[in-house]
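Spelled out, the chains give:
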Amino acid sequence: MSYKIPGKFRSSAWFGHDTHDNFVHRSWMRNQGMPDDQFDGRPIIGICNTFSELNPCHAHFRDLCEHVKKGVYESGGVPLEFPVISLGEAIIRPTAMIYRNLMSMDVEEMIRANPIDGVVLLAGCDKNVPASLMGAASCNIPTILVSGGPMLNGKYRDRDLGSGTDVWRYSEERKAGLISKEEYSKIEAGMNRSAGNCNTMGTASTMGCMVESLGMGLPQNAAVPAVDANRKIISRMAGRRIVEMVKEDLKPSDILTKEAFINAIRVNAAIGGSTNAAIHFKAIAGRIGVDLDLEDWNKYGTDVPTILNLMPSGKYLMEDFYYAGGLPAIIRILGEHDLLIKDCITVNGSTIWENNKNAEIFNDEVIKSFDKPLLDKGGLAILKGNLCPDGAVIKPSAASAHLMKHTGKAVVFTNIEDYLERINDPELDIDENSVMVMQNCGPIGYPGMAEVGNMGLPPKILKKGITDMVRISDARMSGTAYGTVVLHITPEADIGGPLALVKNGDMIELDVNKRSLNLLVDESELDKRRKQWKPAPKDHLGGYQKLYVERVLQADQGCDFDFLVGCRGADVPRPSH
């Protein structure tokens with residue numbers, strides 16, 4: 001139940017009147033040194049800070065928060081910082097994804113329960129960005145997101161190192177015996193040189209770009225390195241701007257339109273963005289009430305060339321991207337080729353085209369021309385077929401061209417433990433033409449849908465010089481990873497989806513151009529297997545994990561909780577005294 005009281009802003013119900021409750025609220029806030037004029041009807045700006053020492057990507061957020069506060073004060077607002085759950089992808093086990101929805105609930109309820117007129121979200125690492133946007137979208141008060149930004153380029157001798165991407169690469173080389181333990185250790189020491197999220201086009205940098213292309217962040221929000229002074233300036237300008245957004249009543253529902261999502265899908269294709277964007281977009285769209293379908297990725301992204309030459313699809317890193325012109329240059333190129341809906345409004349009050357039409361390009365090796373792209377057709381490919389009737393996803397820009405159409409025998413791993421136990425066995429019946437299949441790693445089967453889909457190849461295959469094979473699963477993979485990896489197979493195996501019926505030796509046909517993935521087994525045989533299939537017990541789960549498996553939606557629906565879909569707004573809670 002909500003309680004409404006007259007006032008210019010939402011916070012007036014807490015501070016703007018002569019009631020018992022208002023007395024209590026003002027009196028307690030005065031213990032922080034707030035003078036009378038802080039209660040005179042100025043906008044109260046919440047700063048949602050995801051700083052945590054358990055989240056290395058966010059190590060600099062205390063500093064960024066201070067710059068946001070300065071900006072808020074400069075525009076006549078009152079900044080009030082509040083903490084929420086912080087999801088550090090590099091540290092959390094088994095996966096930060098299981099807590100994305102929990103963090104979104106934290107953000108949503110803290111906004112709803114407190115005297116907040118507008119909010120600045122400080123988020124960087126993978127799941128923090130969609131989680132905070134989901135929570136804010138559910139409340140639909142004026143919102144702006146400041147990304148933490150990417151870390152500096154990693155360095156080893158004369159080489160640049162990409163976080164995540166080079167982890168996979170050098171781990172495989174170490175497993176194949178191509179590099180020594182000492183060299184491996186030196187590479188580890190040089191990879192992460194500063195605060196900030198992954199410097200490759202992983203999920204964190206992808207979502208930073210998506211925030212900017214959706215219009216929920218300021219221009220250049222995505223690519224400025226975490227430790228660059230310009231990241232502090234963006235934070236300060238966001239603090240200034242959010243006060244004006246409150247006065248204008250410019251809300252997420254005004255910005256997060258279907259057209260904005262179409263723009264972001266096209267930008268994602270142009271930058272070679274993460275497969276995880278498909279899940280996060282659906283969840284954000286579901287919160288704000290936009291009808292975004294998985295097929296929209298094929299409809300709007302397929303014919304967009306990948307023009308950003310950045311790992312894992314290409315060569316360079318986020319620091320190079322910033323120096324080359326950043327995301328504004330990508331958006332300008334798309335706009336010049338009629339691949340941008342130009343009148344979409346953004347948080348600064350201007351349209352996305354007004355913000356980016358004059359963007360410059362300073363390095364055409366990093367940001368390639370539309371006519372000479374890194375890949376003619378980028379984007380995420382959504383596959384359908386009898387193995388994935390509700391969809392699956394592959395990232396063509398990170399896959400091997402010769403495997404985009406492939407038929408091979410299945411080598412089945414029933415779960416991640418089975419894979420880890422058998423993959424190094426020299427007697428494993430597998431060759432480079434096989435299709436590696438992993439089951440029971442979807443949102444329910446491996447609660448949280450961990451990033452285990454890019455299964456490492458067996459050592460005996462690596463020693464032959466083979467670096468890629470077709471791999472399919474109901475899991476996710478890190479946006480920093482690469483390979484011909486089919487992910488997010490829906491329905492997942494754990495609930496009896498067709499993936500659960502695959503057996504060793506079955507033939508599987510992948511045809512990315514036709515957007516198809518099929519199990520070449522007679523339907524009568526599949527019916528027999530289906531009747532024999534039994535769900536795995538979940539009696540051992542309790543607490544939040546039990547809630548998760550009971551209420552989480554499938555990957556094609558964004559893996560949100562069913563009871564969180566839809567924008568509920570942020571009416572003032574009823575009085576507390």
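Residues numbered from 1 in each chain as written. Predicted model: local features only at pLDDT ≥ 70, side-chain atom pairs only at ≥ 80, totals over all residues. Heavy atoms only, no water.

Visitor: Give me the lowdown on the pairing of strand S10 (residues 435-438), citing residues and values where you can.
Guide: Residue alternation in S10 divides its side chains into two sets, Val 435 and Val 437 and Met 436 and Met 438, and both sets are buried. As judged from the four bridges shared by strand S9 (residues 405-413) and S10, these two strands associate in the parallel manner. Residue Phe 413 lies in a different strand from S10, and its bridge partner there is Met 438. Pairing geometry for S10 and strand S11 (residues 470-473), over four bridges, is parallel. In the strand pairing of S11, Val 437 is matched with Ile 472. (Buried < 20%, exposed > 50% of the residue type's maximum accessible area, 1.4 Å probe, protein only. Helix = DSSP H or I, 4+ residues; strand = E, 2+ residues; numbered from the N terminus. Pairing = 2+ DSSP bridges.)

Visitor: Tell me about the environment of Phe 413, and please be specific about residues and values.
Guide: With respect to the element layout, Phe 413 can be found in strand S9. Along the chain, Phe 413 and Pro 498 lie 85 residues apart, while their C-alpha atoms are 15 Å from each other. Look past the residues within four positions of Phe 413 in its chain and what remains in contact with it is Asp 418, Tyr 419, Arg 422, Ile 423, Leu 428, Met 436, Val 437, Met 438, Gln 439 and Met 455. (Contact = heavy atoms within 4.5 Å.)

Visitor: Go over the packing of helix H4 (residues 100-113) against helix H5 (residues 128-139), please, and point to the residues and values.
Guide: Interaxial distance between H4 and H5 falls to 7 Å at its minimum, and their mutual angle equals 40 degrees. By the angle between their axes, H4 is oblique relative to H5. The element H4 and its partner H5 pack so that their crossing is right-handed. Packed against H4, whose contacting residues are Arg 100, Asn 101, Met 103, Ser 104, Val 107, Glu 108, Ile 111 and Arg 112, the element H5 presents Asn 128, Pro 130, Ala 131, Ser 132, Met 134, Gly 135, Ala 136, Ser 138 and Cys 139 at the interface. Here the residues of the contact of H4 with H5 sort into eight nonpolar, six polar and three charged. (Axes fitted to C-alpha atoms, helices over the stretch in contact; angles between N-to-C directions. Parallel < 35°, antiparallel > 145°, perpendicular 65-115°, else oblique. Left-handed = near helix turned anticlockwise from the far one by under 90°. Nonpolar A, V, L, I, M, F, W, Y, C, P; charged D, E, K, R; others polar.)

Visitor: Go over helix H6 (residues 165-175) with me, naming the residues and quoting the values.
Guide: Three- or four-residue spacings in an α-helix give side chains the same orientation, since the helix completes a turn every 3.6 residues. Along H6, the positions that sit buried rather than exposed are Thr 165, Asp 166, Tyr 170 and Glu 172. One side of H6 holds all its buried residues, which, seen down the axis, span an arc of 155 degrees. Residues of H6 that are buried make contact with strand S6 (159-161), helix H7 (181-191) and helix H18 (459-462). Once H6 finishes, Gly 177 follows within two positions and takes phi at roughly 80 degrees, a positive value. (Arc of directions from axis to C-beta.)

Visitor: Describe the pattern of salt bridges, naming the residues involved and giving the relevant values.
Guide: Evaluation of the coordinates by the stated rule reveals 38 salt bridges. The salt bridge partner of Arg 568 is Glu 108, with a shortest N-O separation of 2.9 Å. A residue pair is termed long-range when its members are at least 10 positions apart, and Arg 568 in the segment after helix H20 (543-551) and Glu 108 in helix H4 qualify at 460 residues. You can call Glu 108 buried: its relative accessible area is 1%. Of the charged contacts in the structure, one is a salt bridge between Arg 530 and Asp 527, with a shortest N-O distance of 2.7 Å. Here Asp 527 and Arg 530 lie together in helix H19 (residues 523-532), a separation of three residues that amounts to about one turn. By relative accessible area, which is 33% here, Asp 527 ends up partly exposed. (Salt bridge = Lys/Arg side-chain N within 4 Å of Asp/Glu carboxyl O.)

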